[in-house]
Amino acid sequence: MLFASISWSPDPTIIDLFGFPVRWYGLFFASAFLAGFQIVSYMFRQEGKSTEQADQLLMYTMVATIIGARAGHYFFYEFQLLQADPVRFFLQMITPPFSGLASHGAGIGLFTAFYLYARKHKGMSYLYITDRMVPAVAFAGFCIRMGNLMNSEIIGKPTELPWGFKFLKDTEFNPFGDPNLVLARHPSQLYEALSCLVIFFVLMWFWSKKKQATQEGLMTGYFMIVLFTLRFFYEFLKENQSSFENNLTLNMGQILSIPSVLFGVLVLAYSYKKANQQT
């Protein structure tokens, strides 16, 4: 029986401007920050906060995302290089073009930055800030995974489902570039991108309807639980990003998703406990 599939072979470069390539991934990455600023600014204005506070929060977010994602990639997926050659490890980590970003590392960086921001701005609690940021983070997740899709990276395992993608530009699993050897695979980037987009719309709808009567931490807790539970199960459909993961029962994405879900559970428990104390 023949199964339909989608041939996927976009050029990662949109246009070359005077020798400087403008890439889809970079466009989506920049869009994540620009859209995030608009989302948070809108929420702040609706709640009587200044746009200057949103500007400062964006700066914290940008720095934390890049540092956290870059460091996370190397510590989570290139740790063997640290053990073998520490100098080369750190040089590669800080050297452009920064090919390798880990979403779990970005998450650690972000929640650390939110804590530092909350300490400086006494009028806003830590969970108030995270509740306003998680919709923007969800939309950023959509943008980043769409960038991965345009790069034909972080691909899924082979599938016979009719929406399987044949990643014709993939060189990791088709090193000879023979289109006849390309297997249809799960578009795992698209699964995660669409999930993040749905989460974004649900969070924005919930905030618009319930912002005056919702205890702090509720949006953050549910966001962490839902997003990383989905991430855990999506990993079963994805190829491992590093060879050492082939010897693990769970891959690195799943291992790191477990504490992320537990963090969401703790935030949710704290949120409900605090709400009950105030009633």
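Description of the structure in this document. In this text, all values refer to a predicted model and were calculated from it rather than measured experimentally.

1. Comments concerning the environment of P21
Then, number 1: With respect to the helices and strands, the residue P21 is situated in strand β3 (residues 20-23).
Then, number 2: For P21, the contacting residues outside a window of four places in its chain are T13, I15 and D16.

2. Thoughts on the packing of aromatic side chains
Aromatic ring pairs are described here by two measures, namely the spacing of the ring centres and the angle between the planes.
Then, number 1: Considering all chains together, one arrives at 17 aromatic pairs under this definition.
Then, number 2: Relative to Y117, the ring of Y60 has its centre 5.4 Å away and its plane inclined at 85 degrees; by these criteria the two rings are edge-to-face. Taken together, the residues span a long stretch of sequence, with Y60 in helix α2 (residues 51-77) and Y117 in helix α5 (residues 103-120) at a distance of 57 residues.
Then, number 3: Among the residues examined, Y60 registers a relative accessible area of 25% and is labelled partly exposed.
Then, number 4: By relative accessible area, which is 0% here, Y117 ends up buried.
Then, number 5: Both rings, one in F111 and one in F114, keep their centres 5.8 Å apart while their planes meet at 75 degrees; by these two values the pair is edge-to-face. With F111 and F114 both in helix α5, this residue pair falls three residues apart, about one helical turn.
Then, number 6: Take F111: its relative accessible area is 16%, and that puts it in the buried class.
Then, number 7: Three or more aromatic residues joined by ring pairs make a cluster, and in this case those are F139, F142, F200 and F201.

3. Some details on the pattern of salt bridges
Then, number 1: Under the definition given, this model contains seven salt bridges.
Then, number 2: Ionic pairing is found between R231 and E192, a salt bridge with its closest N-O pair at 3.9 Å. With R231 in helix α8 (residues 218-234) and E192 in helix α7 (residues 188-210), the pair connects residues that are 39 residues apart, well separated along the chain.
Then, number 3: Of the residues examined, E192 reaches a relative accessible area of 8% and is grouped as buried.

So, how was this worked out
Residues numbered from 1 in each chain as written. Predicted model: local features only at pLDDT ≥ 70, side-chain atom pairs only at ≥ 80, totals over all residues. Heavy atoms only, no water. Helix = DSSP H or I, 4+ residues; strand = E, 2+ residues; numbered from the N terminus. Contact = heavy atoms within 4.5 Å. Phe/Tyr/Trp six-rings, centres within 6.5 Å; stacked < 30°, edge-to-face > 60°. Buried < 20%, exposed > 50% of the residue type's maximum accessible area, 1.4 Å probe, protein only. Salt bridge = Lys/Arg side-chain N within 4 Å of Asp/Glu carboxyl O.

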